[in-house]
Amino acid sequence: MKESIVLQKLNGKSRINGNGHSNEKINGFDIIGDNHIATSVDTPMRKDAFDLSDEVKMEIIEDKFRDIMETMGLDLTDDSLQGTPHRVAKMFIKEIFYGLNPANKPKVSVFENKFKYGEMLVEKNINMNSTCEHHFLPIVGKAHVAYFSNGQVIGLSKINRIVDYFARRPQVQERLTVQIANELKKILNTDDVAVVIDAKHLCVSSRGIQDESSSTVTAEYSGKYKDVSVREEFLKYLEL
Ligand SMILES: [Zn+2]
């Protein structure tokens, strides 16, 4: 029921015209943001997303961010503020949102499972820094990933790189969890993959409800991990 309400609001968004920013619609956007509902597994991107080079994008963002700061009344001639638009633009494209560009996807090669290791492999407490796409505030937490080899294994640090790549986008945690799981399934050629993310959202802790103690846990289980006993074994390893 909740979901259909949100979809309605999203449809309203696409109909908005030049003077269509009524309070009702603005409230509609707020409702979506605070419910933090993912609308698709794929990050919504425009068809022309990569027509511009990173350098041109950084110049445009720098100009627009300067406008935002000036609109708020900040004096950009001040030494301390002068370089901020440039720093923010560079940070957006090269760091916190580099994962939007498929050209930056980590190159991952798989190896033959020579040891015939047949139990699950768990990599836990992977540092994860992402950004909430509804408020552009940080999501900070840990990802825990597990899989059973289907004859192939990947270098452990590559799992960290895959988590980081998908995290470095404007995200919702649900979508991020599924994107990581789908990528690992594709690379490892198996459905036997589990991903759990436990993260704090600054949009929950530092604004709005201002709850500093809550965290959000999301999970994606497929293949063997649909089995309760396999899932429990995985979750037990996370307690070690
Ligand atoms: Zn948020």
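Quick caveat, the model's predicted, so the values are computed rather than measured.

Definitions and limits used
All residue numbers here refer to positions counted from 1 along the written sequence of the relevant chain. Per-residue local features of the predicted model are confined to residues with pLDDT of at least 70, and side-chain atom pairs are confined, for both listing and counting, to 80 or more; whole-chain, interface and lining totals are unaffected and use all residues. Derived side-chain values reflect all non-hydrogen atoms in the structure, with water molecules and hydrogen atoms excluded from consideration. Only Phe, Tyr and Trp rings are paired, with Trp represented by its six-membered ring, and only when their centres lie within 6.5 Å; those with planes under 30 degrees apart are stacked, over 60 edge-to-face, the remainder tilted. A 1.4 Å probe rolled over the protein chains alone gives each residue an accessible area, and that area as a share of the maximum for its type sets the label: buried under 20%, exposed over 50%, partly exposed in between. The numbering of helices and of strands both runs from the N terminus, where a helix is a DSSP run of H or I of at least 4 residues and a strand a run of E of at least 2. In this scheme, the term charge over a ring applies when either NZ of a lysine or CZ of an arginine sits within 6 Å of the ring centre and within 35 degrees of the ring normal. A helix is expected to reach a length of 1.5 Å times the quantity of its residues less one. The directions considered for the arc are those from the helix axis to the C-beta atoms. Note on definitions: a residue-residue contact is assigned when non-hydrogen atoms from the two residues lie within 4.5 Å. Patch construction takes residues with relative accessible area above 30% that form no salt bridge. Like charges are linked within 9 Å, and nonpolar side chains (Val, Leu, Ile, Met, Phe, Trp, Tyr) are linked within 5 Å. Note that accessible areas follow from Shrake-Rupley with a 1.4 Å probe, and for residues the cover is restricted to the protein chains shown. Any Lys or Arg side-chain nitrogen found within 4 Å of a carboxyl oxygen on Asp or Glu counts as a salt bridge. Only four residue types enter the charge count, namely Lys and Arg as positive and Asp and Glu as negative; His and the chain termini do not. A single reference atom marks each charge: NZ on Lys, CZ on Arg, CG on Asp, CD on Glu. Here, a strand pair is defined by DSSP locating no fewer than two bridges between the strands. Think of each axis as a best-fit line through the C-alpha atoms, taken over the contacting stretch in the case of a helix, with angles from 0 to 180 degrees between the N-to-C directions.

Quick look at the packing of aromatic side chains now. This model, assessed by the stated rule, comprises 8 aromatic pairs. Judged by centre distance (5.0 Å) and plane angle (65°), the rings of Phe-92 and Phe-97 are edge-to-face. Like Phe-92, the residue Phe-97 is buried in the burial classification. Between the aromatic rings of Phe-92 and Phe-136, the centroid separation amounts to 6.1 Å while the plane-to-plane angle is 65°, which identifies the pairing as edge-to-face. Residue Phe-92 is found in helix 5 (residues 84–96), and its partner Phe-136 is found in the loop between strand 2 (121–132) and strand 3 (138–147); the two are separated by 44 residues along the sequence. These aromatic residues form a ring-pair network of at least three members: Phe-148, Tyr-221, Tyr-225 and Phe-234. Just above the ring of Phe-148 sits the side chain of Lys-224; from NZ or CZ to the centre is 4.5 Å.

Before going further, it helps to spend a moment on helix 3 (residues 54–71). Compared with an ideal rise of 1.5 Å per residue, which puts 18 residues at 26 Å, helix 3 spans 25 Å between its outermost C-alpha atoms and is within 8% of the ideal. Listed in full, the buried residues belonging to helix 3 are Lys-57, Met-58, Glu-62 and Met-69. Across the axial projection of helix 3, the buried residues extend over an arc of 135°, all falling on one side. Helix 3 presents Glu-59, Lys-64 and Thr-71 as exposed residues on the side facing more than 90 degrees away from its buried surface. Buried residues in helix 3 make contact with helix 4 (79–82) and helix 5. Of the residues trailing helix 3, Gly-73 is marked for its positive phi of about 95°.

A surface patch of negative charge is lined by Asp-67, Glu-70, Asp-75, Asp-78 and Asp-79. Inspection of the secondary structure assignment puts Glu-70 in helix 3.

Further remarks concern the sheet that holds strand 2. The strand order across the open sheet formed by 5 strands is 5-2-3-6-7, and the pairing between neighbours is mixed. Sheet topology places strand 5 (170–171) and strand 7 (216–221) at the edges, where each strand pairs with a single neighbour. Relative to strand 6 (residues 193–201), strand 3 runs antiparallel, the two being bridged by 9 bridges. Opposite Tyr-147, over in strand 6, you have Val-193 as the bridge partner. Contacting strand 2, strand 3 and strand 5, helix 6 (residues 156–167) runs over the sheet at an angle of about 20° to strand 2. Sheet strands touched by helix 9 (residues 228–239): strand 2, strand 3, strand 6 and strand 7. Its angle to strand 2, the strand with the most contacts, is close to 75°.

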